[in-house]
Amino acid sequence: MNNCPVGESLCYTNIMKTYIVGNWKMNFSVGESSVYLHKLLQKVRAARDLKIVVAPSTIALQPLSLQTDRKKIRLAAQTANPHDFGAYTGEVSFTQLRGIVDYCIIGHSERRHIFHETDKDVRNAVAAALRNGITPILCIGETETERTFGETYDVLRDQLLGGLSQVSTEDIAKVMIAYEPVWAISTTSDARLASPDDISAVTQFIRHTLEDTYSKKVASEIPILYGGSVRPSNAGAYLTIPDINGLLIGGASLIGEQFLDIIETARRVQS
Ligand code: PEP
């Protein structure tokens, strides 16, 4: 990891909630999504301080919104178009998702790298989400090459401040950040996992940047999630990093037992 420019530990968050967010990506039919949600709802208990969120494919969002018990599991979209309506063939807008989802993942590295979403697209999406009463989960993260060239903190600062640049001071507290180092996503090698120290340095940096740009209050109130090959075996270590408020989980969220195991771990860590 590059040297964190922040220095001493701030560790000033007093956020009591933990968020466990499962990103199902382009997996499961609508029927499979519904069966999976049904099983999760049977096993998950409602808890005020533990927010469980799943992000199914867009096609499954509407039926699942009728099926879910929001006290137990809330829904996130994986992306949406920042225009409210119009001639954007194939797209779904935040306005159309209003009332269906509570959250939207924005700027996921797959959207940035495969679909060439720019910081401007990400910033417009964050603004559109807020305009439509949907909580943006703004993903930021450096690639392996950027890390190797010592650019981690520049990239993170650009993605963070770029994504938030249209957010008003009233709305800033409604945003969530997910730090997902691209090099650590969906790895099967333990050697490539981000270490708690790496992640801690980055969360310090994010909060410090938020404090410089907004205020200490804002910096201490915005939840920061970690994502990158989270599994039952490492979830506890990641959840005990000071200033981490939850996890964004890809692969392991597709396997019910693993996702439930991580939820249990979050419950244990909280108590
Ligand atoms: C992701 O793509 O957001 C992610 C965290 O995936 P995984 O958990 O599979 O690394």
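Up top is the structure.
Note that the coordinates shown come from a computational prediction; the quantities given were computed from them, not determined experimentally.

Caption draft 1: Layout of the overall build of the protein chain. For the protein chain, the helix and strand inventory stands at eleven helices and eight strands. Taken over C-alpha atoms, the radius of gyration comes to 17 Å for the protein chain, in line with the 18 Å a tight globule of 271 residues would show. Projected onto its principal axes, the C-alpha coordinates of the protein chain cover approximately 50 × 45 × 35 Å. When each of the 271 residues of the protein chain is scored for burial, the buried share is 51%. In the protein chain, of all internal contacts separated by at least 6 residues, the share reaching a separation of at least 24 is 73%. Accessible surface, the protein chain: about 12300 Å² in total, of which carbon and sulfur atoms supply 50%.

Caption draft 2: Spatial organisation of the environment of His108. Along the chain, His108 falls in the loop between β4 (103–106) and α4 (109–113). The spacing of His108 and Leu160 is 52 residues in sequence and 12 Å in space, taken between C-alpha atoms. With near-sequence residues (within four places) excluded, His108 lies in contact with Asn23, Lys25, Cys139 and Glu180. At 2.9 Å, the side chain of His108 forms a polar contact with the backbone nitrogen of Glu110.

Caption draft 3: Summary view of the sheet that holds β4. In space, the eight strands of this closed barrel follow the order β1-β2-β3-β4-β5-β6-β7-β8, with parallel pairing throughout. With direction set aside, neighbouring strand axes in the sheet form an average angle of 25°. Pairing of β4 with strand β5 (residues 135–140), which is carried by four bridges, proceeds in the parallel orientation. For Cys104, the partnering residue across the bridge sits in β5 and is Pro136. Along the sheet face, helix α5 (residues 119–131) touches β4 and β5 and points at about 160° away from the line of β5.

Caption draft 4: Just the pattern of salt bridges, in detail. Taken as a whole and judged by the stated rule, the model has 15 salt bridges. One salt bridge in this structure joins Asp102 and Arg74, with 3.3 Å as the shortest N-O distance. Taken together, the positions of Asp102 in the loop between α3 (94–97) and β4 and Arg74 in strand β3 (residues 73–77) put the pair 28 residues apart, joining distant regions of the chain. The salt bridge partner of Asp243 is Arg207, with a shortest N-O separation of 3.7 Å. With Asp243 in the loop between α10 (232–239) and β8 (246–249) and Arg207 in helix α8 (residues 196–213), this pair connects stretches of sequence that are 36 residues apart.

About the cut-offs
- Residues numbered from 1 in each chain as written.
- Predicted model: local features only at pLDDT ≥ 70, side-chain atom pairs only at ≥ 80, totals over all residues.
- Heavy atoms only, no water.
- Helix = DSSP H or I, 4+ residues; strand = E, 2+ residues; numbered from the N terminus.
- Rg over C-alpha atoms; globule rule 2.2 N^0.38 Å.
- Buried < 20%, exposed > 50% of the residue type's maximum accessible area, 1.4 Å probe, protein only.
- Contact = heavy atoms within 4.5 Å.
- Areas by Shrake-Rupley, 256 points an atom, 1.4 Å probe, with all protein chains shown as cover.
- Polar contact = N/O pair within 3.5 Å; in protein donor to acceptor, adjacent residues only side chain to side chain.
- Pairing = 2+ DSSP bridges.
- Axes fitted to C-alpha atoms, helices over the stretch in contact; angles between N-to-C directions.
- Salt bridge = Lys/Arg side-chain N within 4 Å of Asp/Glu carboxyl O.

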